[in-house]
Amino acid sequence: MFWKYVIFETKLLLLNKKNWLLGVALILFFPLYYSHYSKLDMVDLREEKNEEAENFPEILDKFPGSVWQTEEGKEIRSNLIQQSSLLNMQRLYLRNEEQGIFLGFFGAGPNLQNFFEAGLQLNELRLELHRRGNKGIQKEYIVPIDEIQKENALYRYHLEHELTLIQDQFKASNYIPVALRQISGVMFCLLVLFAGSSMLLNDQQHPSVVNGFPISFMQKAASKVGVHFVQIMLFLSASILIGGYYVSRKTGWGDFRTPVLIYQDADFIAISMLRYLFLMFVAFGLIALLLLFTFLLLNLVTKNLYAAIVILLFILLSPQLLLAVGVETNWLYPLKFIDISAVLSGEAAKEYGIEELDFKHAYSWLVLLTFLVMSILYFRNKLLHIQKVETIPMKIS
Amino acid sequence: MLKLSNVTIAYNDKIVLDSLDLTANKGEIIGVAAPNGTGKTTMFNVMANFVKPDSGHVFFDGKYTYRNEKEELHIHRMLATFPEQKDLFEELSGVDHMKLYANMWKGSTKHVPSIIKRLNMGHYVKRKVRTYSLGMRQRLCFSMMMAADTPIMLMDEVMNGLDVENVALISECLMEMKQDKLIFVASHLLANLDLYADRVLFLKDGKFVHEQKFTGENENFLKLDVSAEQYESIKSELDLPEGHMFIANYLLCIPLGGMSESEQSKWMGRMLKYNKEMTIGPLGTVEYYEKYYGKTV
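Residues numbered from 1 in each chain as written. Chains lettered and ligands numbered in written order. Predicted model: local features only at pLDDT ≥ 70, side-chain atom pairs only at ≥ 80, totals over all residues. Heavy atoms only, no water.

### Observations concerning the overall build of chain B
Right, on to step 1. Of regular secondary structure, chain B possesses 10 helices and 13 strands.
Right, on to step 2. If one aligns the C-alpha atoms of chain B with their principal axes, the spans along those axes are about 65 × 45 × 35 Å.
Right, on to step 3. Sorting the 297 residues of chain B into buried and exposed places 56% on the buried side.
Right, on to step 4. In chain B, the proportion of contacts linking residues at least 24 apart, taken out of those at least 6 apart, comes to 67%.
Right, on to step 5. Accessible area of chain B: about 13100 Å², with a carbon and sulfur share of 49%.
Right, on to step 6. If the 35 positive side-chain charges of chain B are averaged to one point and the 39 negative ones to another, these points end up 7 Å apart. (Helix = DSSP H or I, 4+ residues; strand = E, 2+ residues; numbered from the N terminus. Buried < 20%, exposed > 50% of the residue type's maximum accessible area, 1.4 Å probe, protein only. Contact = heavy atoms within 4.5 Å. Areas by Shrake-Rupley, 256 points an atom, 1.4 Å probe, with all protein chains shown as cover. Lys, Arg positive; Asp, Glu negative; His and termini not counted. Charge placed at Lys NZ, Arg CZ, Asp CG, Glu CD.)

Below, the structure is given as structure tokens:
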């Protein structure tokens with residue numbers, strides 16, 4: 001009976017024009033946002049390295065004379081000179097790579113490998129200065145530790161996978177995660193809420209047809225949430241594929257091994273774009289499940305579709321709303337998990353000052369919360385039936 | 001098969017069902033006759049557990065009742081309720097609706113084509129419901145019940161919107177179906193109920209005020225139309241037998257039970273003065289309806 005009911009719910013969902021419209025809107029978002037994204041001015045790696053190198057004369061100029069004279073000052077100066085030298089070597093390797101000279105001037109191996117190795121050495125020197133407290137260095141020239149960690153993760157990934165460094169930011173492989181990051185958060189939540197808003201509508205509008213079905217409440221709930229979940233995930237997949245295809249026609253697919261930095265175990269690691277997409281997709285799935293079950297619960301309790309939407313939106317936006325009126329909202333950090341891109345990028349961990357707040361932590365919370373909501377639905381239903389028992393004697397007189 | 005035990009339910013201090021007791025068995029069609037708003041639908045809703053009674057219980061097969069969800073499911077597997085026309089899915093076809101009920105209760109749709117044929121629905125059943133007339137929708141609702149094919153069926157307003165031909169068709173189907181089922185039918189087509197119901201219950205002020213059985217022997221009455229003035233005149237001139245009735249201000253019913261043939265002829269002769277057209281027979285559903293609700297049907 002369960003699967004027959006699932007098929008019935010699927011049929012009704014396929015007839016739901018509002019959800020098709022939401023799907024089309026999601027699919028259209030990818031090409032539409034690309035027209036804006038493709039006009040952005042991306043910072044080139046060469047320019048970045050040039051700028052860093054140009055800072056060194058100033059760093060050395062502004063170094064206090066009193067520190068120069070000390071033993072430690074001499075060591076710091078030596079460190080900075082080595083940094084400057086490594087940075088210039090990186091610039092040289094980059095130029096060679098651009099001009100197609102692969103022999104390399106300094107040391108054996110291709111330019112890229114040298115570039116990354118030089119970069120790792122440079123970052124080690126920067127970290128050493130951090131350990132020394134960056135004595136004598138102007139604040140604006142200090143590279144933050146998390147930036148160093150991110151860069152190290154990227155360099156190691158490139159070395160390990162022997163990838164070329166200069167990537168076209170406008171290729172599909174680079175664009176899809178950017179677009180997904182835009183969807184992540186309130187936008188995706190709204191999409192799920194509007195798509196799921198019709199879950200109980202059929203039961204409310206056609207009671208005499210559906211009320212007496214010999215199927216349990218939890219089976220009904222599971223099938224309603226299930227078909228809506230599958231539809232949302234299919235829309236998301238379709239939008240990624242169609243959006244990707246659209247961009248690939250303009251600039252090419254790109255390389256899906258391209259690294260993306262994510263925050264994990266209080267550190268930054270680089271993973272391939274494909275894995276990043278997978279992590280995002282799983283997170284979107286978990287968020288959709290949680291929201292659909294929660295929405296179902298609220299809709300059952302309030303018996304009002306719009307009230308359920310408003311309450312859920314208020315809950316989701318409560319950290320921002322409470323913060324606006326000056327209330328400390330750190331304890332509401334699990335709500336931040338609805339914006340999975342912020343979790344993956346480490347922004348959430350930084351914002352709430354919680355080191356372990358990475359995607360594994362978020363996944364666990366999302367699963368836990370989903371089970372919690374499902375349990376409430378289950379026990380609420382049990383309770384409603386138990387109340388009925390109280391008026392019924394066990395034996396017929 | 002089904003037992004209502006002391007079922008009471010009230011809405012805003014208005015008692016809709018008042019300590020209702022009823023036992024019904026397989027192979028019966030039970031008609032429920034009452035004007036709108038007297039609690040027919042509420043009674044069906046209590047039977048299906050769509051509404052919880054304030055007190056009392058519904059038992060199935062002597063042991064199952066709505067104790068928990070497991071038992072509710074067990075009961076719902078053997079009970080289907082008649083869908084309302086307005087609740088049909090406009091964008092689905094008739095076949096979709098029938099298959100839905102067939103799948104949900106029988107787990108198979110093999111019998112659906114034979115139902116379509118039996119109810120002459122072949123010419124429209126594949127179209128979307130929004131294109132159906134009232135009669136087509138009503139036949140579809142009935143066909144869904146046939147597709148569910150449950151041992152207990154609760155059919156509220158089953159003949160609504162049907163023409164004479166289709167009323168006859170559905171009545172035939174009901175008679176065919178009752179062999180192994182318990183069917184409750186609430187209908188305003190009272191004369192039609194007489195055709196297929198084994199008994200008709202009259203619900204008034206939350207209680208069954210009368211149960212008319214068609215299976216056993218029923219008392220015969222001499223029935224004739226008279227005006228209220230004529231009735232008053234008869235009452236003053238004659239000593240009317242005990243148990244006589246003057247229904248809905250127009251129908252005089254004189255019980256013939258216990259009278260000898262000569263006495264019966266005497267009463268017929270006396271009545272010829274008031275109306276030459278008279279009938280002899282038991283009271284029908286229409287007459288009881290008029291008796292209890294004071295309305296002319």
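### Structural notes on a nonpolar patch on the surface
Right, on to step 1. On the surface, Ile311, Phe314, Ile315 and Leu321 of chain A cluster together into a nonpolar patch covering about 340 Å² of accessible area.
Right, on to step 2. Within the secondary structure, Phe314 of chain A is located in helix 14 (residues 305-324). (Patch = residues over 30% accessible without salt bridge, like charges linked within 9 Å, V, L, I, M, F, W, Y side chains within 5 Å. Salt bridge = Lys/Arg side-chain N within 4 Å of Asp/Glu carboxyl O.)

### What about helix 1 (residues 40-47) of chain B?
Residues and elements named next belong to chain B.
Right, on to step 1. Across the 8 residues of helix 1, 6 count as buried, placing the element largely inside the fold.
Right, on to step 2. Considered for burial, the residues of helix 1 that qualify are Lys40, Thr42, Met43, Phe44, Val46 and Met47.
Right, on to step 3. Directly after helix 1, the chain includes Asn49, whose backbone phi takes a positive value near 65°.

### Some points on the sheet that holds strand 11 (residues 245-247) of chain B
All names here are of chain B.
Right, on to step 1. If you walk across this open sheet you meet the 4 strands as 11-12-10-13, and the pairing is antiparallel. Each edge of the open sheet is held by one strand with a lone partner, namely strand 11 and strand 13 (278-281). Ignoring which end each strand starts from, the neighbouring axes of this sheet average 20° apart.
Right, on to step 2. Alignment of strand 10 (residues 221-225) against strand 13, held across 4 bridges, turns out to be antiparallel. (Pairing = 2+ DSSP bridges. Axes fitted to C-alpha atoms, helices over the stretch in contact; angles between N-to-C directions.)

### Concerning the packing of helix 3 (residues 94-106) of chain B against helix 5 (residues 134-148) of chain B
Residues and elements named next belong to chain B.
Right, on to step 1. It is at 7 Å that the axes of helix 3 and helix 5 come closest, and there the two elements cross at 25°. With respect to each other, helix 3 and helix 5 are oriented roughly parallel. In the packing of helix 3 onto helix 5, the handedness of the crossing is right-handed. Facing Gly94, His97, Met98, Tyr101, Ala102, Trp105 and Lys106 of helix 3, the residues of helix 5 in contact are Leu140, Ser143, Met144, Met145, Ala147 and Ala148.
Right, on to step 2. For the contact of helix 3 with helix 5, a count of residues per class yields 9 nonpolar, 3 polar and 1 charged. (Parallel < 35°, antiparallel > 145°, perpendicular 65-115°, else oblique. Left-handed = near helix turned anticlockwise from the far one by under 90°. Nonpolar A, V, L, I, M, F, W, Y, C, P; charged D, E, K, R; others polar.)

### With respect to the interface of chain B and chain A
Right, on to step 1. Between chain B and chain A, the residue contacts involve 34 residues of the former and 31 residues of the latter.
Right, on to step 2. For the pair chain B and chain A, the summed buried area comes to about 3100 Å², and 66% of that belongs to carbon and sulfur atoms.
Right, on to step 3. Between Asp96 of chain B and Lys11 of chain A there is a salt bridge, with its nearest N and O atoms 3.3 Å apart.
Right, on to step 4. Applying the counting rule to chain B against chain A returns 9 residue pairs in polar contact (both at pLDDT 80 or more).
Right, on to step 5. Of all the elements in the fold, those that place two or more residues in the side of chain B that touches chain A are strand 4 (55-60), helix 2 (69-77) and helix 3 of chain B.
Right, on to step 6. At 6 residues, the largest contribution of residues to the side of chain B that touches chain A is made by helix 3 of chain B.
Right, on to step 7. When its residues are assigned to classes, the side of chain B that touches chain A shows 14 nonpolar, 9 polar and 11 charged. (Buried area = accessible area lost by both parts, 1.4 Å probe. Polar contact = N/O pair within 3.5 Å; in protein donor to acceptor, adjacent residues only side chain to side chain.)

### Regarding the nonpolar core
Soluble globular proteins tend to bury their nonpolar side chains together.
Right, on to step 1. Phe213 of chain A together with Phe142, Met155, Leu174 and Phe184 of chain B are the most contacted members of the largest nonpolar core, which has 100 residues in total.
Right, on to step 2. Broken down by element, this core gets its largest block of residues, 9 residues, from helix 5 of chain B.
Right, on to step 3. Every residue in contact with Phe142 of chain B, bar those within four places of it in the chain, is listed here: Phe82, Leu119, Met155, Val158, Ile170, Cys173, Leu174 and Met177 of chain B.
Right, on to step 4. Grouped together as the second largest cluster of nonpolar side chains are 86 residues, Leu22, Ala172, Met199 and Ala283 of chain A included. (Core = buried A, V, L, I, M, F, W, Y, C linked by side-chain atoms within 4.5 Å.)

### Comments concerning the domain arrangement of chain A
All names here are of chain A.
Right, on to step 1. You can read the domains of chain A as domain 1 (2-40 + 169-389) and domain 2 (45-161).
Right, on to step 2. Distance from the C-alpha centre of domain 1 to the C-alpha centre of domain 2: 42 Å.
Right, on to step 3. Across the contact, 11 residues belong to domain 1 and 8 residues belong to domain 2.
Right, on to step 4. Here domain 1 meets domain 2 over a buried area of about 820 Å², counting both sides, of which 68% is carbon and sulfur.
Right, on to step 5. Contact with domain 2 buries surface across domain 1, with Pro259, Leu261 and Phe268 losing the most and accounting together for 57% of the total.
Right, on to step 6. Scanning the region where domain 1 abuts domain 2 turns up 1 salt bridge.
Right, on to step 7. In this structure, Lys350 and Asp146 form a salt bridge, with 3.8 Å as the shortest nitrogen-oxygen distance.
Right, on to step 8. Taken together, the links from domain 1 to domain 2 amount to 2 residue pairs in polar contact (both at pLDDT 80 or more).
Right, on to step 9. Taken together, the elements giving at least two residues each to the side of domain 1 that touches domain 2 come down to strand 1 (259-264) and strand 2 (267-272).
Right, on to step 10. The leading source of residues in the side of domain 1 that touches domain 2 is strand 2, at 6 residues.
Right, on to step 11. Grouping the amino acids of the side of domain 1 that touches domain 2 by side-chain chemistry returns 6 nonpolar, 2 polar and 3 charged. (Domains from an automatic or database assignment.)

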